[in-house]
Amino acid sequence: MKRIENLPPRHWDIFCRVIDNYGDIGVCWRLARQLHCEYGLSVRLWLDDLAALRRLWPSTADCAHQTVSGIEVVQWPAVFPAVEPAEVVIEAFACELPETYVAAMARQPERPRWLNLEYLSAETWVDDCHGMRSINPQYGLVKTFFFPGFTGKTGGLLCEAQLRQEREAFQENPEARVNFLASMGVTTASDALLISLFSYENPAIHSLVETWCKSARPIHCLVPEGRILASLGRYFDSAPAVGAKVMRGQLTLQVIPFMTQDQYDRLLWSCDINFVRGEDSFVRAQWAAKPLVWHIYPQDEEAHLVKLAAFMARYHHGLPPLLAQALECLWYGWNCGDNCQDAWNQCLERLSEWQLHSRNWEQTLNSLGDLAAKLVQFCEKPL
Ligand code: TRH
């Protein structure tokens, strides 16, 4: 457990609404665990969709009030009960706290810290908006906007204290990789390029599957059960089910079950190239220090493409120009549903440079400070 100079408040409430998929709870659960395990804090997680958590953390029961791995997990009810607010209140992704809870916060002799944890973006405005405050007009409560991000001026990225060492130990030990993959029902040829594929529906997968079938090197693609299977189904005539192993030319495509968050990390550490999506898997792939292809969460009016460009502008720093160009084509092609064949081949020709860059990028991120630590430090200081 970390030594803390000025003790932060001990009781934390995190409010999470699952908008869709797993990113909202993925981030909140990771944060809750880190606050509890590394700082010894007492964390209560209010969650509207227990089933989403159960996918990431199968020991979660179908029960309105339970303790899961030391975290108090409470089903967020339609009619909110009278409870004493925690000293720190995290409203994840502007999920809107219950009115009665806000009123109770206002009645506390010492007003709780209220933080809105925002979505991740690499855009430059995040530096200025991180830490901004708004005053609740009804009660005068102060809410602070906490932005994760890719610079030292932001809240940083979630990263557990032991993650790096665990990942390095795993990647330095070939047996650990083989054993892990075997536990997933995967055995792979020693010369195969191992790919993990986690993404939304995407027509661009057809051009990649064609390329992979004709690849010089065997390709083993692992697909955790999810939305991309529908797109694969359009290519293979029917969506492959969990456990299916389809062989076409040089490609072996294998559908594996959805894993726990910890297992998924190991999958990312094991693969040569990771296709990831949304927010949390995107961050974990960066911590894996392996080449990644990001399917960003699509937004109205193509706002996501602005975010994609903002990330690429940062990520491209230090990349050899030809690889930077090829990666840009691959990432845009993948996000716009275009043919990715040429871009893929060009990236693969420069795989060793891409691998080196992935390791350097991980080191850069590691020097920025992690989100949980920054949150705790923020809450130690007086308002
Ligand atoms: O699931 P996502 O698409 O989540 C989101 C949400 O849709 C959210 O509303 C949106 O705003 C956000 O994206 C940007 O992708 P994400 O963020 O990568 O979350 C997936 C989580 O699932 C992550 O915590 C990793 C975890 N996971 C597993 O635990 N096991 C698995 O097998 C896989 C594939 C993922």
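All of the points below concern the structure found in this document. None of these values were measured; they are calculated from a predicted model.

Each value, and the rule that gives it
Residues numbered from 1 in each chain as written. Predicted model: local features only at pLDDT ≥ 70, side-chain atom pairs only at ≥ 80, totals over all residues. Heavy atoms only, no water. Salt bridge = Lys/Arg side-chain N within 4 Å of Asp/Glu carboxyl O. Helix = DSSP H or I, 4+ residues; strand = E, 2+ residues; numbered from the N terminus. Buried < 20%, exposed > 50% of the residue type's maximum accessible area, 1.4 Å probe, protein only. Core = buried A, V, L, I, M, F, W, Y, C linked by side-chain atoms within 4.5 Å. Domains from an automatic or database assignment. Contact = heavy atoms within 4.5 Å. Near = heavy atom within 4 Å. Polar contact = N/O pair within 3.5 Å; in protein donor to acceptor, adjacent residues only side chain to side chain. Areas by Shrake-Rupley, 256 points an atom, 1.4 Å probe, with all protein chains shown as cover. Nonpolar A, V, L, I, M, F, W, Y, C, P; charged D, E, K, R; others polar. Pairing = 2+ DSSP bridges. Axes fitted to C-alpha atoms, helices over the stretch in contact; angles between N-to-C directions. Parallel < 35°, antiparallel > 145°, perpendicular 65-115°, else oblique. Left-handed = near helix turned anticlockwise from the far one by under 90°.

### Overview of the pattern of salt bridges
(1) Moving on: Under the criterion given, the structure shown has 14 salt bridges.
(2) Moving on: For Arg-30, the salt bridge goes to Glu-160, with nearest N and O atoms at 3.5 Å. In this pair, Arg-30 sits in helix 1 (residues 23-39) while Glu-160 sits in the loop between strand 8 (142-146) and helix 5 (163-171), placing the two residues 130 residues apart along the sequence.
(3) Moving on: A residue is classified by how much of its surface remains accessible, and Arg-30, at 2% relative accessible area, is buried.
(4) Moving on: Residue Glu-160 is classed as buried on the basis of its relative accessible area of 17%.
(5) Moving on: A salt bridge links Asp-62 to Arg-54, with the shortest nitrogen-to-oxygen separation between them at 3.9 Å.
(6) Moving on: One connected set of salt bridges, linked through shared partners, spans Arg-30, Glu-160, Asp-265, Asp-280 and Arg-284.

### A look at the nonpolar core
(1) Moving on: Residues Ile-25, Leu-31, Leu-35, Trp-212, Phe-275, Trp-331 and Trp-354 are the most contacted members of the largest nonpolar core, which totals 115 residues.
(2) Moving on: Residue assignment places this core across two domains, with domain 1 (11-157 + 368-380) and domain 2 (163-366) each supplying three or more.
(3) Moving on: In contact with Trp-212, other than residues within four places in its own chain, are Ile-195, Ile-205, Ile-219, Cys-221, Gln-250, Leu-251, Phe-275 and Trp-344.

### A word on the site of the ligand
(1) Moving on: Neighbouring residues of the ligand: 23 residues in total, closest Asp-20, Tyr-200, Met-259, Asp-280 and Ser-281.
(2) Moving on: Between the ligand and Asp-24 there is a distance of 3.0 Å, counted from an oxygen atom to a side-chain nitrogen or oxygen.
(3) Moving on: Residue Asp-280 places a side-chain N or O atom 2.5 Å away from an oxygen atom belonging to the ligand.
(4) Moving on: The fraction of the free accessible surface of the ligand (710 Å²) that becomes covered by protein chains is 97%.
(5) Moving on: Every element with two or more residues in the shell around the ligand is listed here: helix 1, helix 9 (261-270) and helix 10 (280-287).
(6) Moving on: Here the shell around the ligand is built from residues that sort into eleven nonpolar, seven polar and five charged.
(7) Moving on: Viewed by domain, the shell around the ligand spans two of them, domain 1 (11-157 + 368-380) and domain 2 (163-366), each represented by three or more residues.

### Concerning the sheet that holds strand 5 (residues 88-92)
(1) Moving on: The sheet built from eight strands is open, its strands ordered 3-4-2-1-5-6-8-7 with mixed pairing. On the outer flanks of this sheet lie strand 3 (65-68) and strand 7 (133-135), each paired with one strand and no other. Taken pair by pair, the neighbouring strands of this sheet meet at an average axis angle of 25°, ignoring direction.
(2) Moving on: Pairing analysis gives six bridges linking strand 1 (residues 11-16) to strand 2 (residues 42-47), with the strands arranged parallel. Counterpart to Trp-12 in the pairing with strand 2 is Val-43.

### Some details on the packing of helix 9 against helix 10
(1) Moving on: Running from amino to carboxyl end, helix 9 crosses helix 10 at an angle of 50°, the nearest separation of the two axes being 9 Å. When the axis of helix 9 is compared with that of helix 10, the two are oblique. As helix 9 runs across helix 10, the sense of the crossing is right-handed. Judged by residue contacts, Gln-261, Tyr-264, Asp-265 and Leu-268 of helix 9 engage Asp-280, Ser-281, Arg-284 and Ala-285 from helix 10.
(2) Moving on: Among the residues making up the contact of helix 9 with helix 10, the classes are represented as three nonpolar, two polar and three charged.

### Concerning unusual backbone geometry
(1) Moving on: In this structure, Asp-237 is a non-glycine residue whose phi angle is positive, near 80°.
(2) Moving on: The phi dihedral of Glu-302 falls on the positive side, at around 55°, and the residue is not glycine.
(3) Moving on: Its location among the elements puts Glu-302 in the loop between strand 14 (292-295) and helix 11 (303-315).

### A closer look at the packing of helix 11 against helix 12 (residues 321-336)
(1) Moving on: Their axes nearest at 11 Å, the elements helix 11 and helix 12 cross at an angle of 160°. On the basis of their axis angle, the class for helix 11 and helix 12 is roughly antiparallel. Our pair here, helix 11 against helix 12, has a crossing hand that is right-handed. Residue-level contacts link Leu-305, Leu-308, Ala-309, Phe-311, Met-312 and Tyr-315 of helix 11 to Leu-327, Glu-328, Trp-331, Tyr-332, Asn-335 and Cys-336 of helix 12.
(2) Moving on: When grouped by side-chain class, the residues that make up the contact of helix 11 with helix 12 number ten nonpolar, one polar and one charged.

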